[in-house]
Amino acid sequence: MGESSRAAELPSSPSPSPPSPRSACSPAPPLGKGTPRPAGDFPGHLTFPLLSVTLLVSFGSSMLYGYNLAVVNAPAEHIKVFYNATWSQRFGHVLGPAPLTLLYALTVSIFALGGLVGSLLVGVLVERYGRNGALSRSALLVLLAGGFMGFSRELGSPEMVIIGRSIMGLHSGICLSVVPLYLGEIAPKNLRGFLGLMPSIFICLGVFFAQVLGLPELLGKDRFWPLLLSVVVVPASLQLLLLHCFPESPRYLLIERNDICGATKALHRFLGSPDVQDVIEEMKEEQRSLSSMEMVSVWQLLRDRSVRWQTLSVAVVNAGMQLSGIDAIWFYTNTIFENAGIPTSQIPYTTMGTGAIEVIAGLIGCFTIEKVGRRPLIITGFCAMGVCSAGITISLLLQAALPWMRYVSVACVVGIIAGFCMGPAGVPFLMTAELFMQSHRPAAYIVGGSLNWLCNFTIGFIFPFLQMSAGAFCYLVFCGVCLLVALYVYLVIPETKNKTFMEISHVFATRRSILSVPACLIGMMKLDGYGTLESSSLEGSGSSLP
């Protein structure tokens, strides 16, 4: 029965070719007797190497992004005093309020500008060095940045703080795309959501650690702020030492390097099973579908009408992620709480409490994404952020007449952070990996990452001035952005939970009218296993509704 079922899957031929002897690098045959296990039924379970490499890159790369988002918040006044003192020594007078605000805003937002440059380098780095190799080499940037920021005060150079922040941004711009790309390619499809959101938890942890270390009792004092900025070298050094112990992405090895032997060994290591034939066949199927296609550039991606909805979706969710105002909340939490009337002595501890909420919300998203799916998390997150942004505006307008409204303002800040960490913090990066095939994926990460960082820079730079000019009404802009992104996701982006890359690609390929049918009703052709189209599905191709 096993042989006949195999024969039914193969195209008919006049004379079957004899089986070739299996090499040492060939995948092991299915274990046991009887009918072979159907493709796609491979039990993707969480192995120790898979969990270890996920934790390592999340700790050594993703966490540093969250840390640098929030680390300038606590020592803001100390850094401004340092800038003023240095300026006075050089030019004989102190900076006025407006130039000082401009210089500090540049210090905050240059991180995002470096991230923009880093995101543009992702395609070149992952193609030349692979996913693992790009992450290993990027850790060297952290050591360089830590040196600049750590010795800036000793050398009396504000420029070194700004340069160090820009290099940290360069590192985060690379890793913010490469980490989800790497994890998305090594994870079984039933664990892709769980492992894909693990970096977002560490981003929240990075924010929390920055808030804890920034307390006056720890590194929040004036003499310790250079150490507070440069402590990032510790996790980066750990990643640099240990990441080489884990293999490269099997999909990269097989599809882009045609290294079947290396891909097989990597799969054995990550999946913890000698039987990886099904996964290898799925990769070969994708490789065959891309055999006539080179790795596309960003310009080719933007001109490719066959993936225009995927490209637009990546652009919307990545831009919306930053234009939602979350970076304004992270960069200027202390200022927001001060405007809300929270006593100055209580602000650091209130801020630390929001960091704990971030971690809890991230854990909720990570452990529920494979049950509820990507769409509910991201839609709910953006809607919660929109409602809470409007709540901040209302509470700030009414707190003069109603003093208890200041607590509503704090609750809305917590709601924005919780809503963000539960879905929008990590799902956009996961979606970028899931919505594209191997040939388009690096270019898609460049597009999404560039927009992400460009919007990050814009918000970080203009928010202080927007707040001064529009006052409490500035949060209504973020409210509108969040609700519009949630509406777009509901109408356009399909659910990708527990689907292969080829299945997801086929959903978009069979879409006829994006506005006539909601994304949640779009049907799928029946695919066998890891993306191989069944013959019955080919006969009845088209976009069928359930």
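Residues numbered from 1 in each chain as written. Predicted model: local features only at pLDDT ≥ 70, side-chain atom pairs only at ≥ 80, totals over all residues. Heavy atoms only, no water.

## Side note on the overall build of the chain
Here's step 1: When helices and strands are tallied, the chain shows 24 helices and two strands.
Here's step 2: Looking at the chain as a whole, 55% of its 546 residues qualify as buried.
Here's step 3: Excluding contacts between residues fewer than 6 apart, the proportion of contacts in the chain whose partners are at least 24 apart in sequence is 82%.
Here's step 4: When the accessible area of the chain is evaluated, it comes to approximately 22400 Å², of which 67% is carbon and sulfur surface. (Helix = DSSP H or I, 4+ residues; strand = E, 2+ residues; numbered from the N terminus. Buried < 20%, exposed > 50% of the residue type's maximum accessible area, 1.4 Å probe, protein only. Contact = heavy atoms within 4.5 Å. Areas by Shrake-Rupley, 256 points an atom, 1.4 Å probe, with all protein chains shown as cover.)

## A word on the pattern of salt bridges
Here's step 1: Inspection of the entire model under this criterion finds eight salt bridges.
Here's step 2: Here Glu159 ties to Arg90 by a salt bridge, and the two come within 2.7 Å at their closest N and O atoms. Of this pair, Glu159 sits in helix H6 (residues 158–186) while Arg90 sits in helix H3 (residues 76–91), placing them 69 residues apart in sequence.
Here's step 3: Judged by relative accessible area, which is 38%, Glu159 ranks as partly exposed.
Here's step 4: The exposure class assigned to Arg90 is partly exposed, which follows from its relative accessible area of 42%.
Here's step 5: Linked by salt bridges that have partners in common, Arg131, Glu185, Glu256 and Arg441 make up one network. (Salt bridge = Lys/Arg side-chain N within 4 Å of Asp/Glu carboxyl O.)

## Here's the deal with unusual backbone geometry
Here's step 1: For Asn258, which is not glycine, the phi dihedral falls at a positive 55 degrees.
Here's step 2: Tracing the chain through its elements places Asn258 in the loop between helix H10 (250–256) and helix H11 (260–271).
Here's step 3: Relative accessible area serves as the criterion here: at 53%, Asn258 is assigned to the exposed category.

## Comments concerning empty space enclosed by the protein
Here's step 1: Under the definition given, this model contains two cavities of 30 Å³ or more.
Here's step 2: A volume near 60 Å³ is recorded for the second largest cavity.
Here's step 3: Every residue along the wall of the second largest cavity is listed here: Ser62, Leu176, Pro180, Gly196, Pro199, Ser200, Ile203, Ala425, Gly426 and Phe429.
Here's step 4: Counting only elements with at least two residues in the lining of the second largest cavity, the list comes to H6 and helix H7 (192–213).
Here's step 5: For the lining of the second largest cavity, the element with the most residues is H7, which contributes four residues. (1 Å grid on protein atoms, 1.4 Å probe; cavity = no way out; pocket = protein on both sides within 12 Å on 5 of 7 lines; lining within 4 Å. Points joined across faces, edges and corners; volume = space filled by probe spheres on them.)

## Remarks on H11
Here's step 1: A rise of 1.5 Å per residue sets the reference length of H11, with its twelve residues, at 16 Å; its end C-alpha atoms lie 16 Å apart and thus fit the reference within 8%.
Here's step 2: Listing the buried residues of H11 in full gives Gly262, Ala263, Thr264, Ala266, Leu267, Phe270 and Leu271.
Here's step 3: The inward-facing, buried residues of H11 abut helix H2 (48–70), H6, H10 and helix H12 (277–289).
Here's step 4: One or two positions beyond H11, positive phi appears at Gly272, with a value near 65 degrees. (Expected span 1.5 Å × (residues − 1).)

## Some words on the state of the cysteines
Here's step 1: With the rule as written, the count across this model stands at zero disulfides.
Here's step 2: No disulfide involves Cys383; its nearest neighbouring cysteine sulfur is the one of Cys482, lying 8.9 Å away.
Here's step 3: Among the residues examined, Cys383 registers a relative accessible area of 30% and is labelled partly exposed.
Here's step 4: The thiol of Cys479 is not disulfide-bonded; the next cysteine sulfur, from Cys482, is found 7.1 Å away. (Disulfide = S-S within 2.5 Å.)

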